[in-house]
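Overview (structure and organization)
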Amino acid sequence: MAEAMQIQVNGLPRDCRSGLTVGDLLRELDIKTERVAVELNLEILDRKDFELRSLKAGDRVEILSFIGGGGLVSRERMERGRTDV
Amino acid sequence: MYDDRLVIAGREFKSRLWVGTGKYKDFAETRKAIEVSGADVVTVAVRRVNITDRSKENLLDYIDPKKYTILPNTAGCYTVEDAVRYARLARAAGISDLVKLEVLGDEKTLFPDTAGLIEAARILIKEGFIVLPYTNDDPIVAKKLVDIGCPAVMPLAAPIGSGLGIRNPYNLKIIMETVKVPIIVDAGVGTASDAALAMEYGADAVLMNTAIAGAKDPIAMAEAMKYAVHAGRLAHKAGRIPRKLYATASSPIEGML
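Now for a look at the structure at hand. (Residues numbered from 1 in each chain as written. Chains lettered and ligands numbered in written order. Predicted model: local features only at pLDDT ≥ 70, side-chain atom pairs only at ≥ 80, totals over all residues. Heavy atoms only, no water.)

Some words on the interface of chain B and chain A
Cut-off, in case you're wondering: Contacts are assigned to residue pairs with any non-hydrogen atoms lying within 4.5 Å of each other. Two parts placed together each lose some accessible area; with a 1.4 Å probe, that loss summed over both constitutes the buried area. One side-chain nitrogen of Lys or Arg within 4 Å of one carboxyl oxygen of Asp or Glu is enough to make a salt bridge. Between N or O atoms, a polar contact is any pair within 3.5 Å; within protein, one atom must be a potential hydrogen donor and the other a potential acceptor, and residues adjacent in sequence are included only when both atoms are from side chains. Only DSSP runs of H or I with at least four residues qualify as helices, and only runs of E with at least two residues qualify as strands; both kinds are numbered from the N terminus onward. In this count, Pro and Cys sit with the nonpolar residues alongside Ala, Val, Leu, Ile, Met, Phe, Trp and Tyr, while Asp, Glu, Lys and Arg are called charged and the others, Gly among them, polar. The pairing criterion is simple: DSSP has to find at least two bridges between the two strands.
The interface is formed by 46 residues belonging to chain B together with 31 residues belonging to chain A. Summed over both partners, the interface of chain B with chain A buries about 3300 Å², with 62% contributed by carbon and sulfur atoms. Area buried by chain B at its contact with chain A is led by K23, R48 and I51 of chain B, which between them contribute 21% of it. On the surface where chain B and chain A come into contact, there are two salt bridges. The closest approach of N and O atoms between R48 of chain B and E62 of chain A, which form a salt bridge, is 2.7 Å. On the surface where chain B and chain A come into contact, there are eight residue pairs in polar contact (both at pLDDT 80 or more). Listed by contribution, the elements that provide at least two residues to the side of chain B that touches chain A are β4 (41-48), α2 (80-92) and α7 (210-213) of chain B. In terms of residue class, the side of chain B that touches chain A is built from 23 nonpolar, 12 polar and 11 charged. By the bridge criterion, five bridges tie strand β5 (residues 60-68) of chain A to β4 of chain B in an arrangement that is antiparallel. Residue pairing in the sheet places I67 of chain A in a bridge with A45 of chain B of β4 of chain B.

Written out as C-alpha cells, the structure is:
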C-alpha cells in the first residue's frame, strides 16, 4: 500500500499517496493538461514529462493557466482608484 | 478596401486593434466585446489555476485560440526574474513563443522599468521568444529594444488604465521615425478619438483593455474602437492636409456675379 505524504499545490498543502506523478495529480484535480504549465520546485516541466515525474514529500507544485488580462488591475481596484484628472 | 496587413516576425495580422481580456463582467461579455471589436490578437495573463473550485470556467473555452492570436503577457511582474519566469510559463502552457513583455516599475504608475525590460528582453530573445515589449514613450529605449531583437515595440500612450490618451505625441512620432519595426501603442487610451489619433500619427496598431472593458457599455465601445482604429489608419495612409492659420476657399471664384 502506498504511503501518504504531503506536498504543496499552488500554495496549499495537499495530502496524497507517495509515488504520485504530476499527470496523476492533474487528473485528481480534474485539470486538463492542455494549456497548463506546471512548475515543480521552480523547474518548469515539459508536458511530455508529466507522466514520468513522480512527486515526493515536500514538493512544491505550481499549476498555471491563462486568465483574462491586459493591464494588471482588477475591476475592483479600478473602481477604487477612480479619480478624474 | 485595399489589403493592409500588419506583419510582425513573419506573422500576419488582419486587425490593427489588439485587445486585452481583463476586467470584463464575465467571459460572455469578454467574448462578445472581442468579436465586435474585430481584433484578432488578444492578450491574456498567466496565473495559478483555481484548484479549490474547479467549477470555474476557463477563458480559453470562450476565446478560441484557433481564431485568435493569444498573446500572453507578464503583467504584474516587477522584476526581471519574475517576468522571465512568467514568460517561460506562458510558453510551457503551450500557445506560442510570443510574449508581451512587461516589467513594471511601481504599482502606482505601472510605468515600465525600462532597464529591467531590456535585460529581460535580452534573456528571452536568446531563448527564442518573440518579445513584444511594453515600454515607455522613450525613443532611445525603443531603439535599444529593436537593436537587441524585438520585432515590434509597444510604447504607452499614458499609464495603464488611466484613459488619459496620448500624453506625448511628439515622443511617439520620434519613435515612429527612429525605429523601423511596427509600433503598437499600448495602454492609456480613453476613448475612440485617442485610438484614431494614435493611428493617424502612424502607429501600426493599438492595444487596449480598460478603455473597452471599463466603458459603461463595453460592447458599444468595442465597436467604436474598431471604427476609430480603421478610420485613423485610413487617414494616415490618405495623408492629411497641412494645418494653416487662414482660410482657403473651397468653392471657385469664377462664375460669380
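Overview of the sheet that holds strand β7 (residues 130-135) of chain B
All names here are of chain B. Judged by pairing direction, the sheet is parallel, and its three strands sit side by side in the order β6-β7-β8 without closing on themselves. The open sheet has two edge strands with one neighbour each: β6 (98-101) and β8 (154-155). Taken together, the two bridges between β7 and β8 define a ladder with parallel strand orientation. Paired with Y134 across the bridge in β8 is M154.

Examining the environment of I219 of chain B
Residues and elements named next belong to chain B. Examined against the element boundaries, I219 turns out to sit in helix α8 (residues 218-238). Spatially, the C-alpha atom of I219 lies 32 Å from that of A83, the residues being 136 residues apart in sequence. If we skip the residues at most four places from it in the chain, I219 touches E29, K32, A33 and V36.

Quick word on helix α4 (residues 139-147) of chain B
Residues and elements named next belong to chain B. Selection rule: The rule is simple: take the accessible area with a 1.4 Å probe, protein chains only, and divide by the maximum for that residue type; under 20% is buried, over 50% is exposed, in between is partly exposed. Arc definition: directions from the helix axis to the C-beta atoms.
What α4 keeps buried is the set P139, V141, A142 and L145. The buried residues of α4 all sit within an arc of 160° when viewed along its axis, so they share a single face. Residues of α4 that are exposed and point over 90 degrees away from its buried face: I140 and D147. One side-chain oxygen of the residue at the start of α4 lies 2.8 Å from the amide nitrogen of I140, identifying that residue as D138. Two residues or fewer past α4, G149 is found with a positive phi of approximately 120°.

Some remarks on the packing of aromatic side chains
Residue and element names in this part refer to chain B. The following threshold applies: When the centres of two rings from Phe, Tyr and Trp lie within 6.5 Å, Trp using its six-membered ring, the rings pair. Their planes under 30 degrees apart give stacked, over 60 give edge-to-face, and anything left gives tilted. Here, a charge over a ring is recorded when the distance from Lys NZ or Arg CZ to the ring centre is within 6 Å and its angle to the ring normal is within 35 degrees.
On inspection of all chains with the given rule, the structure shows two aromatic pairs over all chains. Ring geometry for F27 and Y62: centres 5.4 Å apart, planes at 45°, overall tilted. Pair noted here: F27 is in helix α1 (residues 27-37) and Y62 is in the loop between β4 and β5 (69-72), with a separation of 35 residues, a long-range link. Under the relative-accessibility criterion, F27 is labelled partly exposed at 23%. Here the guanidinium or amino end of R91 rests over the ring plane of F129, the centre of that ring lying 3.8 Å away. One residue, K100, lies across the ring of Y134, its end atom 5.4 Å from the ring centre.

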